[in-house]
Amino acid sequence: MPALPAAPLPLAPSADERRRGLWLGLLAVTLFAATLPFTRMAVGSSSHPQLPPEFVTAGRAAVAGLFSLAYLRLLRAPLPARQHWPALGLSALGTVLGFPLFLALALRQVDAMHAAVVTGVLPLATAALAARVLRQRAPPAFWLCALAGCALVLAFAAVQGSGRLHPADGLLLLAVATGAMGYVWGAQVSASLPAPQVICWVLVLSLPFTLPATLWWWPAQAASVAAWGGFAYVSLVSMWLGFFAWYRALALGGVLRVSQVQLLQPFIALLLAVPLLGEPLQAVTLLFALAVAAVVFVGRRLPTGPRERP
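Note that the structure is predicted; figures quoted are calculated from it, not measured.

Visitor: How would you explain the overall build of the chain if you had to name every residue and give the values?
Guide: Check the secondary structure of the chain and you find 13 helices and zero strands. For the chain, the succession of helices and strands along the chain, N to C, is α-α-α-α-α-α-α-α-α-α-α-α-α. The burial tally for the chain puts 52% of its 310 residues in the buried class. Of the contacts formed within the chain by residues at least 6 apart in sequence, a portion of 91% connects residues at least 24 apart. For the chain, the exposed surface amounts to about 13,900 Å²; the carbon and sulfur share of it is 68%.

Visitor: Give me the packing of aromatic side chains: which residues, what numbers.
Guide: Two measures describe an aromatic ring pair: the distance that separates the ring centres and the angle between the ring planes. A complete count under the given rule lists 11 aromatic pairs for this structure. Plain terms: the ring middles of Trp 218 and Trp 228 are 6.2 Å apart, the flat faces sit at 40° to each other, and that makes the pair tilted. One end of the pair, Trp 218, is in the loop between helix H9 (195–216) and helix H10 (225–253); the other, Trp 228, is in helix H10, and 10 residues separate them in sequence. Judged by relative accessible area, which is 31%, Trp 228 ranks as partly exposed. For the ring pair Trp 240 and Phe 244, a centre distance of 5.3 Å and an interplane angle of 80° mean the geometry is edge-to-face. Of the two residues, Trp 240 and Phe 244 are both situated in helix H10; the distance of four residues between them amounts to about one turn of the helix. Clustering of aromatic rings is evident, with ring pairs tying together Phe 55, Trp 218, Trp 228 and Phe 231.

Visitor: Can you break down the packing of helix H1 (residues 15–33) against H10 residue by residue, with the values?
Guide: At a minimum axis distance of 7 Å, the contact between H1 and H10 shows a crossing angle of 160°. When the interaxial angle is binned, H1 and H10 end up roughly antiparallel. Judged by the twist between their axes, the crossing of H1 over H10 is left-handed. From H1, Glu 17, Arg 18, Arg 20, Gly 21, Leu 24, Gly 25, Leu 27, Ala 28, Val 29, Leu 31 and Phe 32 reach across to H10, where they touch Tyr 233, Val 237, Ser 238, Gly 242, Phe 243, Ala 245, Trp 246, Arg 248, Ala 249, Leu 252 and Gly 253. Of the residues belonging to the contact of H1 with H10, the class tally is 13 nonpolar, five polar and four charged.

Visitor: Got a sec to walk through the nonpolar core? Specific residues and values, please.
Guide: Core analysis: the largest hydrophobic core is formed by 94 residues, its most contacted members being Leu 36, Val 56, Leu 203, Phe 243, Trp 246, Tyr 247 and Phe 267. Element by element, the count of residues in this core is highest for H10, at 14 residues. If sequence neighbours within four positions are ignored, Val 56 has contacts with Ala 42, Val 43, Leu 51, Phe 231 and Val 234.

Visitor: Lay out a nonpolar patch on the surface in plain terms, naming residues and giving numbers.
Guide: A surface patch of nonpolar side chains, amounting to about 290 Å² of accessible area, comprises Leu 79, Trp 85 and Leu 205. By the element assignment, Leu 79 lies in the loop between helix H3 (53–75) and helix H4 (85–107).

Visitor: Pulling in residues and values, what's your account of H3?
Guide: One turn of the α-helix equals 3.6 residues, which is why residues spaced by three or four share an orientation. The end-to-end C-alpha distance of H3 is 33 Å, a good match for the 33 Å that 23 residues give at a rise of 1.5 Å each. Immediately beyond the C-terminal end of H3, within one or two residues, lies Arg 76, with a positive phi of roughly 55°.

Visitor: So what's going on with the packing of H1 against helix H12 (residues 265–277)? Which residues, and what values?
Guide: The interhelical angle for the contact between H1 and H12, taken along N-to-C directions, is 50°, at an axis separation of 8 Å. In terms of axis orientation, H1 runs oblique to H12. For H1 against H12, the interelement crossing comes out right-handed. Counted together, Val 29, Thr 30, Phe 32 and Ala 33 of H1 and Gln 265, Ile 268, Ala 269 and Leu 272 of H12 form the full contact between these two elements. Of the residues in the contact of H1 with H12, the class split is six nonpolar, two polar and no charged.

Visitor: A description of the pattern of salt bridges should follow, citing residues and the corresponding values.
Guide: Inspection of the entire model under this criterion finds two salt bridges. Put simply, Asp 16 and Arg 19 hold a salt bridge, and the shortest N to O gap is 3.3 Å. Residue Asp 16 and its partner Arg 19 are located together in helix H1, separated by three residues, close to a single helical turn. Counted as one network, the salt bridges with shared partners bring together Asp 16, Arg 19 and Arg 20.

Procedures and definitions
- Residues numbered from 1 in each chain as written.
- Predicted model: local features only at pLDDT ≥ 70, side-chain atom pairs only at ≥ 80, totals over all residues.
- Heavy atoms only, no water.
- Helix = DSSP H or I, 4+ residues; strand = E, 2+ residues; numbered from the N terminus.
- Buried < 20%, exposed > 50% of the residue type's maximum accessible area, 1.4 Å probe, protein only.
- Contact = heavy atoms within 4.5 Å.
- Areas by Shrake-Rupley, 256 points an atom, 1.4 Å probe, with all protein chains shown as cover.
- Phe/Tyr/Trp six-rings, centres within 6.5 Å; stacked < 30°, edge-to-face > 60°.
- Axes fitted to C-alpha atoms, helices over the stretch in contact; angles between N-to-C directions.
- Parallel < 35°, antiparallel > 145°, perpendicular 65-115°, else oblique.
- Left-handed = near helix turned anticlockwise from the far one by under 90°.
- Nonpolar A, V, L, I, M, F, W, Y, C, P; charged D, E, K, R; others polar.
- Core = buried A, V, L, I, M, F, W, Y, C linked by side-chain atoms within 4.5 Å.
- Patch = residues over 30% accessible without salt bridge, like charges linked within 9 Å, V, L, I, M, F, W, Y side chains within 5 Å.
- Salt bridge = Lys/Arg side-chain N within 4 Å of Asp/Glu carboxyl O.
- Expected span 1.5 Å × (residues − 1).

As structure tokens, then:
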């Protein structure tokens, strides 16, 4: 792993910036939560396959990359400084390749609800990696909230019968690890570049790989209109527009604090799966969602310190 350049120490965000960061984070998490049902819609199940997972992974990044290229040309944005290229590359590995690919492969084998509860540990992975990479400090009570939230997510999985290990669970955990990597290194660059430009440069720099891969994995068989609709959503919203709000939220509110809003993502995904996939909503889902929301509320009230000096 290449060494990351030293970044300037940011000032502690104001209360208004933290509040705006949390609201933007909630918006982004809602947009990202729909990624699970729409990806499931795009790839289909093992018994009724639709678009190949590899095509969905490469194609969503290629489509978003072309829009990003047009956006950057409209702004006449200069190339990122050389010192940001390692972080942009690591962010691309996580957000362009790792997370979408592992998620799509897993969703071919399990339903969106199973994936939602397993990927619920993403906030803890993001916070832990942020503490290591960005040297952000948090009190022990903050970590207790993070652990409590993740424990609720795992308990929900057990109650729903999804706690049993499935071959797809390994793919989902790899998606969690790579997603956290992409979020953290993207947030590091967003401290120096405008947040929308961060994901745009990540996608544009990936085009030499994603465009040929899209053509290589182009589906040989026809897919349903719903599958192509799911592909359109994950291409334009999950892969592009959602990150505009997400990276800005991380920069305003701090990675450790805003990442806890992700604890709501599995439950938002479950709620969206009802109208999108026809999956039944159970009362226990709402109970766990309320419990997780309470943990997020407590976690956001705890102070997090600025970046530690190396």
